[in-house]
Amino acid sequence: MKILAIETSCDETAIAILECEGDEKNARFTVLGNALFSQIEIHKEYGGVFPALAKREHAKNLVPILEAALEEAELLHEDTQTIPEEKHEKIATILSREPGLIEAFFAFIGECEPPPIDAIAVTTGPGLEPALWVGVNFAKALAVLWEKPLIAVNHMEGHLLAALASRKQISSQTDQSMFAIFDVRMPVLALLVSGGHTELVHMREWLTYELIGQTRDDAVGEAFDKVARMLGLPYPGGPEISRLAEIARETQRKNPYVLPRPMLHDATCDFSFAGLKTSVLYLLRDTLNIREEDKRYIAREFEDAVVDVLWGKTARALNMTDTQTLVIGGGVSANTHIRRVFTEKIKNEYPHITLCLSIDLLATDNAIMIAFAGFYHALRNNFSTPDSLTVNGNRSLA
Ligand code: KG4
Ligand code: ZN
């Protein structure tokens, strides 16, 4: 089946069209079209994502992104359509709260032949509610127009499935546009780390989740972003901190700075990153003459502290469960040091466990992962209608 997927939960406007085949145990995907607009440059000025601005940008970009995705999939065919009065009214009502989108929507759809897709998947949470609503209302309007079913996707489930996906091998070559999720040994433990989330989730069987641990305050990505800001680095902070920390590691000198490892030795699988962030703040306040070199060592110590805690809690969760596959998903999973440490630790300490990390393209927010999750729910007939679909900024997996 062909799924059109829409992602607008944060600062990426993304639409992908995938041909999906197989079943839960052996799912195969071909990306027919994939378009993404990152708002990073726009939010940089504010040092983080500004929700009202994110909403406005999504509204502005959804139609061009849809056009780009359809075009790449060779599904963009011109047509002069007259939309029946009743449909027009229903769509106008749905989009009445989306200024900037409604005009573009009507201008575009009057000229586009309905594409042969089978369902529309859209992120309904977690995320920034104003941002989520634009994508959801856009999906509803398309569903009414093209008379297609909707699928409500949990963003974190998208990250989890993306980490399980591998590039499909076709003969000896790897096709860049093909992915497969297969031979996954259950149960799966997922460490989900993003700008808004830090959680350990256990998946005993497909799409059945138990929350093992979560952050009690800041998410790890949020801590990366805030510490980067304190160090005068641009948003998003994760890649910047990682870059500086890697330079400091190359020197192989002992780190002159020491930061705490919050909650590392407590008896839960929960996390806390607010204290670590505050420790960096005090460190900077109490240190005179911070040079570029000091910033690199602080970035390194911060990253080391984060990785120690992430690994410590993950190891605790592995010891509590009969996990066979460990996945790390979410934007922070793009981090080089996290990948390196987890790969090493699993190889040496838990050799029976398979570690799955997202392919680069799929680690940070994208719509391909939303299509993956959409397919898993389509297989279970978990469809929604425009009237039943809603948004939940705090939607949780378990
Ligand atoms: O999953 P994601 O793209 O968006 C959310 O769902 O939040 O994650 C974004 C977060 C940001 O906080 C960003 O700083 C962080 O992921 N991030 C990284 C790296 N790349 C992105 N953090 C650490 N190291 C990285 N290489
Ligand atoms: Zn995300």
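Only a predicted model underlies this, so the values are computations on that prediction, with no experimental measurement involved.

Enquirer: Please clarify how the overall build of the protein chain should be interpreted in this entry.
Expert: From N to C terminus, the protein chain includes 13 helices and 12 strands. Taken over the C-alpha trace, the protein chain has a radius of gyration of 22 Å; the compact-globule value for 398 residues is 21 Å, and the two agree within 12%. Of the side chains in the protein chain, 38 bear a positive and 55 a negative charge, and the two mean positions are spaced by 8 Å.

Enquirer: Is there a simple way to explain a negative patch on the surface in this structure?
Expert: On the surface, a cluster of negative charge is made up of Glu67, Glu71, Glu78 and Glu111. Turning to its location among the elements, Glu78 is positioned in the loop between α2 (51-72) and α3 (85-94).

Enquirer: I tried to follow the side chain of Thr8 on my own but got confused; where do I start?
Expert: Note that Thr8 resides in the loop between β1 (2-7) and β2 (12-23). There is a polar contact of 3.3 Å between the side chain of Thr8 and the backbone nitrogen of Gly135. Once you skip the residues sitting within four places of it in the chain, Thr8 turns out to touch Thr13, His58, Leu62, Ala131, Leu132 and Gly135.

Enquirer: What's the story with the state of the cysteines in this structure? I'm lost.
Expert: By definition, a disulfide links two cysteine residues through a covalent bond between their sulfur atoms. Considering all chains together, one arrives at zero disulfides under this definition. Cys112 takes part in no disulfide bond, and the closest cysteine sulfur to it belongs to Cys20, at a distance of 20 Å.

Enquirer: Looking at this structure, how should I read the coordination of the zinc ion (ligand 2)?
Expert: Between any two of four tetrahedral donors, the ideal angle at the metal is 109.5 degrees; between two of six octahedral donors, it is 90 or 180 degrees. His155 (NE2), His159 (NE2) and Asp365 (OD) make up the full set of protein donors to the zinc ion (ligand 2), lying at 2.0 to 2.1 Å. Binding-site remark: the zinc ion (ligand 2) is held by donors from one chain whose sequence spacing is H-x3-H-x205-D. Taken together, the residues span about one helical turn, with His155 and His159 both in helix α6 (residues 155-164) at a distance of four residues.

Enquirer: Explain the packing of α3 against helix α4 (residues 102-109) here, please?
Expert: Packed helices, taken two at a time, are described by the angle between their axes plus the distance between the axes. Axis separation between α3 and α4 bottoms out at 10 Å; the angle between their running directions is 150°. By the angle between their directions, the pair α3 and α4 is classed as roughly antiparallel. The two elements α3 and α4 cross, and the hand of that crossing is right-handed. Contacts between α3 and α4 involve His88, Ile91 and Ala92 from the former and Ile102, Phe105 and Phe106 from the latter. When its residues are assigned to classes, the contact of α3 with α4 shows five nonpolar, one polar and no charged.

Enquirer: Help me understand the site of ligand 1, please; the structure alone is not making it clear to me.
Expert: Around ligand 1, the structure places 19 residues, and the nearest of them are His159, Gly195, Asp225, Gly331 and Asp365. Gly195 places a main-chain nitrogen or oxygen 2.9 Å from an oxygen atom of ligand 1. One nitrogen or oxygen atom from the side chain of Asn335 is found 3.0 Å from a nitrogen atom belonging to ligand 1. Protein contact buries 89% of the 550 Å² of open area that ligand 1 shows by itself. Elements supplying a minimum of two residues to the shell around ligand 1: α6, α7 (220-230) and α8 (237-251). Classifying every residue of the shell around ligand 1 gives five nonpolar, 12 polar and two charged. Composition of the shell around ligand 1 by domain shows at least three residues from each of domain 1 (2-165 + 365-379) and domain 2 (185-357).

Enquirer: What is the right way to look at the domain arrangement of the protein chain in this model?
Expert: Much of the literature gives interface size as the accessible area that the parts lose upon coming together. Domain boundaries assigned for the protein chain yield domain 1 (2-165 + 365-379) and domain 2 (185-357). Of note, the centres of domain 1 and domain 2, computed from C-alpha atoms alone, are 31 Å apart. Contacts between domain 1 and domain 2 engage 20 residues on the former and 21 residues on the latter. Between domain 1 and domain 2, a total of about 1700 Å² is buried, with carbon and sulfur atoms accounting for 73% of that surface.

Enquirer: Whenever I open this one, the sheet that holds strand β9 (residues 198-203) confuses me. Can you help?
Expert: Working definition: the strands of a sheet are paired by backbone hydrogen bonds and lie parallel or antiparallel to each other. Spatial ordering of the open sheet is given by β10-β9-β8-β11-β12, a layout of five strands whose pairing is mixed. The sheet terminates laterally at β10 (209-214) and β12 (354-357), the two strands that pair on one side only. Recorded for the sheet is a direction-independent mean angle of 20° between the axes of neighbouring strands. Together, β8 (188-193), β9, β10, β11 (325-329) and β12 form the strand contacts of α6, whose direction differs from that of β11 by roughly 120°.

Enquirer: Can you help me understand the pairing of β1 in this one?
Expert: As a general feature of sheets, a regular strand has side chains that alternate between the two faces. In terms of burial, β1 is a largely internal element, five of the six residues being buried. The pairing of β1 with β2 spans six bridges and is antiparallel. When the sheet's bridge partners are listed, Ala5 is paired in β2 with Ala16. Between β1 and β2, which follow one another and run antiparallel, lie four residues. Relative to strand β4 (residues 119-125), β1 runs parallel, the two sharing four bridges. Along β4, the bridge assignment pairs Ile6 with Val122.

What counts and what doesn't
- Residues numbered from 1 in each chain as written.
- Chains lettered and ligands numbered in written order.
- Predicted model: local features only at pLDDT ≥ 70, side-chain atom pairs only at ≥ 80, totals over all residues.
- Heavy atoms only, no water.
- Helix = DSSP H or I, 4+ residues; strand = E, 2+ residues; numbered from the N terminus.
- Rg over C-alpha atoms; globule rule 2.2 N^0.38 Å.
- Lys, Arg positive; Asp, Glu negative; His and termini not counted.
- Charge placed at Lys NZ, Arg CZ, Asp CG, Glu CD.
- Patch = residues over 30% accessible without salt bridge, like charges linked within 9 Å, V, L, I, M, F, W, Y side chains within 5 Å.
- Areas by Shrake-Rupley, 256 points an atom, 1.4 Å probe, with all protein chains shown as cover.
- Salt bridge = Lys/Arg side-chain N within 4 Å of Asp/Glu carboxyl O.
- Polar contact = N/O pair within 3.5 Å; in protein donor to acceptor, adjacent residues only side chain to side chain.
- Contact = heavy atoms within 4.5 Å.
- Disulfide = S-S within 2.5 Å.
- Donors = N, O, S within 2.8 Å, 3.2 Å for Na, K, Ca; no water.
- Axes fitted to C-alpha atoms, helices over the stretch in contact; angles between N-to-C directions.
- Parallel < 35°, antiparallel > 145°, perpendicular 65-115°, else oblique.
- Left-handed = near helix turned anticlockwise from the far one by under 90°.
- Nonpolar A, V, L, I, M, F, W, Y, C, P; charged D, E, K, R; others polar.
- Near = heavy atom within 4 Å.
- Domains from an automatic or database assignment.
- Buried area = accessible area lost by both parts, 1.4 Å probe.
- Pairing = 2+ DSSP bridges.
- Buried < 20%, exposed > 50% of the residue type's maximum accessible area, 1.4 Å probe, protein only.

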